[in-house]
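Structural overview for review
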Amino acid sequence: MAGRLTGRKILITGAASGMGLAIAEKFAAEGAALALLDRNAAGVEAAAGAIGAQGYGCDVTLREAVNEVVTRADEALGGIDGIVNAAGILDIKPFADLDPASWDRMIAVNLTGPYNVVHAALPLMQAAGDATIVNIASTSAIMPLPGTTGYSASKAGLLMFTRCLGMDLGPSIRANVICPGVIQTEMTRYLWENPEHSARAADRVALKRLGTVEDVAQAALFFSTADSAFTTGAMLPVDGGFAWR
Ligand SMILES: NC(=O)c1ccc[n+]([C@@H]2O[C@H](COP(=O)([O-])OP(=O)(O)OC[C@H]3O[C@@H](n4cnc5c(N)ncnc54)[C@H](O)[C@@H]3O)[C@@H](O)[C@H]2O)c1
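Residues numbered from 1 in each chain as written. Predicted model: local features only at pLDDT ≥ 70, side-chain atom pairs only at ≥ 80, totals over all residues. Heavy atoms only, no water.

1. Brief notes about the packing of helix α1 (residues 18–29) against helix α8 (residues 213–224)
For any two helices packed against each other, the geometry is given by the interaxial angle and the distance between the axes. Rules: Angular values range over 0 to 180 degrees, each being the angle between N-to-C directions of two axes fitted as lines to C-alpha atoms, with helices fitted over their stretch in contact. Helix and strand assignments come from DSSP, with helices taken as H or I runs of at least 4 residues and strands as E runs of at least 2, each series counted from the N terminus. Working definition: roughly parallel below 35 degrees, roughly antiparallel above 145 degrees, roughly perpendicular at 65 to 115 degrees, and oblique for all remaining angles. Note on convention: the crossing is left-handed when the near helix lies turned anticlockwise from the far helix by less than a right angle, right-handed when the turn is clockwise. The contact rule is simple, with two residues in contact once any of their heavy atoms fall within 4.5 Å. Lys, Arg, Asp and Glu make up the charged group, whereas Ala, Val, Leu, Ile, Met, Phe, Trp, Tyr, Cys and Pro make up the nonpolar group; the residues left over, Gly among them, are polar.
Remark: α1 packs on α8, axes separated minimally by 9 Å, with the N-to-C direction vectors making an angle of 55°. As summarised for this structure, α1 and α8 are arranged oblique, according to the angle between their axes. As α1 runs across α8, the sense of the crossing is right-handed. When α1 is examined against α8, the residues G18, M19, A22, I23, K26 and F27 are found in contact with a partner set consisting of V213, E214, V216, A217, Q218, A220, L221 and S224. Grouping the constituent residues of the contact of α1 with α8 by class yields nine nonpolar, three polar and two charged.

2. Some details on the site of the ligand
So the rule is basically this: For this purpose, a residue is taken to be near a molecule or strand whenever a single non-hydrogen atom of the residue falls within 4 Å of it. Polar contact criterion, stated in full: a pair of N or O atoms within 3.5 Å, where within protein one must be able to donate a hydrogen and the other to accept it, and residues adjacent in sequence count only if both atoms are side-chain atoms. Accessible surface area values rest on a Shrake-Rupley calculation with a 1.4 Å probe, where residue burial reflects the displayed protein chains alone. With a 1 Å grid spanning the protein atoms alone, the term cavity applies to any set of points in which a 1.4 Å probe fits but cannot get out, the term pocket to an open set with protein on both sides within 12 Å along at least five of seven lines, and the term lining residue to any residue with an atom within 4 Å of a point. Whether a molecule sits in a cavity or pocket is decided by its atoms, more than half of which must lie within 2 Å of the grid points.
Near the ligand you find 29 residues, and of these S17, D38, Y151, I183 and T185 are the closest. Here an oxygen atom of the ligand sits 2.8 Å away from a polar atom, N or O, in the side chain of K155. Coverage of the ligand by the protein chains reaches 94% of its 830 Å² of free accessible surface. One can see that the ligand is located within the largest pocket. For the shell around the ligand, the elements supplying multiple residues, two or more each, are α1, α4 (100–128) and α5 (149–169). Of the residues belonging to the shell around the ligand, the class tally is 15 nonpolar, eight polar and six charged.

Everything listed here is a matter of coordinates, which is why it stays silent on function.
Okay, structure coming up:
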């Protein structure tokens, strides 16, 4: 039986770990041909090998390297008609301690990285038509939390970047953004490994649990299929009812 992404050619960043990896596994199971990109070269090659995808060690902040990966992915897959930008970093510290290098790095990875990937792949996406972009922002994009000035600013930028892409790239390309709450991945290990902190975080959301990578992968699948055919420039919180509390 054909999968829901059979025939699609999708580039996923941050695919060596966490949400990016889960999205890659789900999309592969749904029949997509995939190019996986991650700064962790060994990790992304292992992930790609396990699901029959192409794997590329690459830092999304390095524009020339991203251009090269997009060219190689195009050659390998015969085009690109989908992007998922999941690569990201988090550095929580009070603003007074937020040194310029940390600020620069978060903006570069979380905001300029998705720009680099989308811009490099744009001609391929336009040529393909009916293409999709899914960016992974955060509830931090829409609500202030202590110690997250840099992270939240980068994710708020990514949120509006995506919404504006929706305006600029229609009708041939749809762009949507997911805002996850606390999801159990390496990025949040510091939190969920501590039972007390984990319980407190779960108690702050309506659904009384932390999120899973599967929760986010389902949302990414929705935005990458015709199920969301009339949706672009949209933001979907996947946060168990956190952002509005
Ligand atoms: N975990 C959460 O609770 C949470 C909540 C909201 C948003 N997010 C966002 O979700 C996305 C996925 O995060 P995750 O939780 O799966 O984290 P993760 O740390 O498990 O995975 C992030 C991946 O991105 C890669 N990466 C980091 N910098 C990179 C770079 N410069 N170039 C290429 N790859 C790079 C890492 O190597 C890693 O494989 C991130 O954008 C993150 O900001 C996470």
